[in-house]
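In case you want the letters, here they are:
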Amino acid sequence: MSFDAWLPAAILLSSMIPGMMIFLLREESHRLRTVLNMAGALVKVGLVIWMIGGVYDGQHYETRWTLAPGLDLVLSADALSVLFVALSTLLWLVTTIYAIGYLEHSPNRSRFFGFFSICVSATVGIALSGNLLTFVIFYEILTLATYPLVAHRGTPDAAHGAKVYLAYTVGGGALLLVGAIWLQALVGPVEFTQGGILGVSPEEIRWELILIFFVLLAGLGVKAALVPLHGWLPQAMVAPAPVSALLHAVAVVKAGAFGIVRVVYDVYGVEFAYANGLLLVLGILASVTIIYGSLMALTQDNLKKRLAYSTVSQVSYIALGASIFGPIATIGGMVHLVHQGLMKITLFFCAGNYAESLGVHNVSEMDGVGRRMPWTSLAFTIGALGMIGVPPVAGFVSKWYLGLGAADAGSNWVIAVLVASSLLNAAYFLPILHRAWFRPAPQQWPQEHRHAGRMEIAGALLWPPVITAALALGAGLFAAAPFTPLEWATLIAEREYGR
């Protein structure tokens, strides 16, 4: 088998193998565990960079195992999968650094980092899935690998949050499985194909295909946190900060949103979905979720819960982009897959730093935090302004293309949704920035732990949010440069629309 045929599997195994080895390590094997974590992350980065160049030049990478007639496990790379796998790989590297610092003195680190690596492997498997069967398998593995991370602290709240998470996601996975079996029984093996495979299906199965679309959407909508299937996300905020960052920026919610994009573009085909009214339903669901999530975020004093409801809202921009017929909106939705990840992981890293260093968990406790932790607060500010859509941060680029795409498609009501959402984003983020930078600090923080060095907090906790904030700013400032998320999203749109 050639290197090209092994490359997708090698990317998957670069985190899976270190994860399995970490499970076997003793708690005190700190150095070896760190070496395995970092080696796996860096090898994956190198392999993904190689794949990006090949896919850009039209190279085909595919690893295929035949389990039985009509049952193939397929890992393959196209422009869409590379966008998601590159995001997962980059943010896994910085989250690993952050998690090593965050959990330095915590128990059960081998268990945590073992499941952490399996979780990222499952996300990469979802990104590289070449057919619906493979996607469903890795989708379920992701559920099972993430559950122990949510429950990691072992407290009653953690156990309850993990139980709610499992109930929602197992239910969603079951619906996805039903939809996948139903579709394969109807049309045969479902390979992901640019432009979709159902556009030429017989007229007599049209209504059955529409019903299956909604079953698949319900299954995927749980992880994508579409209203009313979002209830698990705020409950899962009991997880440690690195897990929250992973859930919201890299793994679970992105897996659901990515799955919706795959079903629309590469299973049904955007023209089939548009002609049969499926995009309109998806657009309405995404819009309701965007507004609802923002309204709920306004009412939360707990910082992580405010960020969680912000995720409910912001992730649906991806589904909204997929729901608008036209390449410009597709660019806006696809590029937001990356931009939201960079901004949201920054915000969760910062929330973790406030909690670890000062014991600050609530917005009402953040007065003067900017002067006490300036670098963390600067990173938080960039992430928050990006979420609002303030130029030149990356979020502005996403919203600009979504708005242009809506106008181009004649869907002006979407522009009203974007404006309302941005105003709500400002209403729940700007008060935080005002408290952080313009209000006097209290005489005593809730639970302060002073760092022994010259920096405001340990470097392993400080540099990840600074780096991701800089990337979010750079993705906006240099959006038109080669190999940026915007250029790659444009490539995806051109290939999906055959232009």
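Up top is the structure.
Residues numbered from 1 in each chain as written. Predicted model: local features only at pLDDT ≥ 70, side-chain atom pairs only at ≥ 80, totals over all residues. Heavy atoms only, no water.

### Observations concerning the overall build of the protein
Reasoning step 1: Scanning the protein for helices and strands turns up 20 helices and two strands.
Reasoning step 2: The C-alpha radius of gyration computed for the protein amounts to 21 Å, which stays within 12% of the reference 23 Å derived for 499 residues, consistent with globular compactness.
Reasoning step 3: Along the first, second and third principal axes, the C-alpha atoms of the protein reach 70 × 55 × 45 Å.
Reasoning step 4: The buried share of the protein, taken over its 499 residues, is 61%.
Reasoning step 5: Considering only intrachain contacts with a sequence separation of at least 6, the fraction spanning at least 24 residues in the protein is 80%. (Helix = DSSP H or I, 4+ residues; strand = E, 2+ residues; numbered from the N terminus. Rg over C-alpha atoms; globule rule 2.2 N^0.38 Å. Buried < 20%, exposed > 50% of the residue type's maximum accessible area, 1.4 Å probe, protein only. Contact = heavy atoms within 4.5 Å.)

### Topic: empty space enclosed by the protein
Reasoning step 1: Under the criterion given, the structure shown has two cavities of 30 Å³ or more.
Reasoning step 2: Space inside the largest cavity adds up to approximately 50 Å³.
Reasoning step 3: Around the largest cavity, the lining residues are H30, R33, T34, N37, I100, L103, E104, R109 and F113.
Reasoning step 4: Mapped by element, the contributors of at least two residues to the lining of the largest cavity are helix 2 (30-56) and helix 4 (109-128).
Reasoning step 5: Here the lining of the largest cavity takes four residues from helix 2, the largest share from any one element.
Reasoning step 6: Along the lines of polarity and charge, the residues of the lining of the largest cavity split into three nonpolar, three polar and three charged.
Reasoning step 7: Taken together, F213, L217, L220, I260, V263 and V264 make up the lining of the second largest cavity.
Reasoning step 8: Of the residues belonging to the lining of the second largest cavity, the class tally is six nonpolar, no polar and no charged. (1 Å grid on protein atoms, 1.4 Å probe; cavity = no way out; pocket = protein on both sides within 12 Å on 5 of 7 lines; lining within 4 Å. Points joined across faces, edges and corners; volume = space filled by probe spheres on them. Nonpolar A, V, L, I, M, F, W, Y, C, P; charged D, E, K, R; others polar.)

### Observations concerning a nonpolar patch on the surface
Reasoning step 1: There is a patch of nonpolar side chains on the surface, built from L90, M455, W463, I467 and L471 and spanning about 430 Å² of accessible area.
Reasoning step 2: If one sorts the elements of the nonpolar patch by residue count, helix 19 (residues 459-477) sits on top with three residues.
Reasoning step 3: Locating W463 in the fold gives a position in helix 19. (Patch = residues over 30% accessible without salt bridge, like charges linked within 9 Å, V, L, I, M, F, W, Y side chains within 5 Å. Areas by Shrake-Rupley, 256 points an atom, 1.4 Å probe, with all protein chains shown as cover. Salt bridge = Lys/Arg side-chain N within 4 Å of Asp/Glu carboxyl O.)

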